[in-house]
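Breakdown of the fold
The primary structure of each chain is shown beneath.
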Amino acid sequence: MAEPFHCDFSQRLFMGHLGNHMLNAADFHSSARGFGMKYLLTINRSWVLSRLAIEMEEMPQMYTKFNVETWVESAMRYFTSRNFRVVGEDGKVYGYGRSIWAMIDTESRQPTDIFAIDNGAINNWIVKDKECPIDKGGRVKMTDDAEFLRTIDTQYNDVDINGHINSVKYIEHVLDLWPLDWYKEHRIRRFEIAYVAEAHAGDQLSFYREQTGDGEFCVRIVKASPDSDEPIEVCRSKMLFFE
């Protein structure tokens, strides 16, 4: 349900909370099939989100009950593609999501073989004939003209079970780059984000924004490097607004 305190001033679900619903659906789905986080953590493995794209016709309104459907579209040795559909109890489709996940070794932090888990059990759950009609997205292209907006500190509430900055927290921090008045006149049509490097509690994140089209903006997030004067790019995102 779009719980009231998970909704913004327009009484519609926050994008960040929708992202959390999708990530939880992914975990429940994978756990029920033997390759979820609860099991993986016992063998020093974990899923990490590499890319996420969410495209919505509209956000569910406060108190609306809805379902988040998820299915695995494809799997390769180091990455798997997982899709989502957000649909109301009345059958109304609110939107879709696409995601790419990597499985990592929690000690080395390096990608590891997905097919090594339960003799490639993930292959038994690939669904190729279920439609996900939104664009997969591509590389978020930005120039050196991107405007620096702010630097923030990362704290306890930013950190997830993998010990790094939560995937959804980046979404919330990016969307905070626009003032409340902007959201009184604009809604988010599409949000996509690509994660490049990990950040941890105590890292300072700097945000650079560039308008790349009509209602289209790209944001680059970087952190300071302990070994170089050049910052490390953590992730890039692109969003499309409509009035």
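Anyway, here's the lowdown on the structure attached to this text. (Residues numbered from 1 in each chain as written. Predicted model: local features only at pLDDT ≥ 70, side-chain atom pairs only at ≥ 80, totals over all residues. Heavy atoms only, no water.)

1. A short note on the layout of surface pockets
Spelled out, the test is: Using only the protein atoms, space was sampled on a 1 Å grid; points where a 1.4 Å probe fits but cannot get out form cavities, open sets with protein on both sides within 12 Å along at least five of seven lines form pockets, and lining residues are those with an atom within 4 Å of a point. Grid points are joined across faces, edges and corners, and a volume is the space filled by probe spheres set on the points. Numbering of helices and strands runs from the N terminus; a helix is a DSSP stretch of H or I covering at least four residues, while a strand is a stretch of E covering at least two. Residue polarity follows a fixed list, in which Ala, Val, Leu, Ile, Met, Phe, Trp, Tyr, Cys and Pro are nonpolar, Asp, Glu, Lys and Arg are charged, and the others, Gly among them, are polar.
Its boundaries defined by the atoms lining it, the largest pocket holds a volume of some 810 Å³. Trp 47, Val 48, Leu 49, Asn 162 and Ser 167 are, among the 37 residues lining the largest pocket, the residues nearest its centre. Looking at the lining of the largest pocket, the elements that each hand over two or more residues are helix H1 (15–31), strand E1 (45–56), strand E3 (79–88), strand E4 (93–105) and helix H3 (167–175). Its residues placed into classes, the lining of the largest pocket shows 22 nonpolar, 10 polar and five charged. Here the second largest pocket is characterised by a volume of approximately 550 Å³. If you go around the second largest pocket, you meet 23 residues; those closest to its centre are Asp 8, Phe 14, Met 15, Tyr 183 and Ile 188.

2. Some words on the sheet that holds E1
The line we're drawing: Between any two strands, pairing holds if DSSP finds at least two bridges. Here the axes come from fitting lines to C-alpha atoms, over the contacting stretch only for helices, and the angles between their N-to-C directions go from 0 to 180 degrees. Contacts: residue pairs with any heavy atoms within 4.5 Å of one another.
Read across the sheet, nine strands follow the order E2-E3-E4-E1-E6-E9-E8-E7-E5 without closing on themselves; strand pairing throughout is antiparallel. Of all strands in the sheet, those bounded by a partner on one side alone are strand E2 (66–75) and strand E5 (147–153). Looking at each pair of strands side by side, their axes are set apart by 25° on average, direction ignored. The strands touched by H1 are E1, E2, E3, E4 and strand E6 (187–195); relative to E2, the strand with the most contacts, the crossing angle is about 60°. Relative to the sheet, H3 contacts E1, E5, E6, strand E7 (204–213), strand E8 (216–223) and strand E9 (232–242), its axis offset from that of E6 by approximately 130°.

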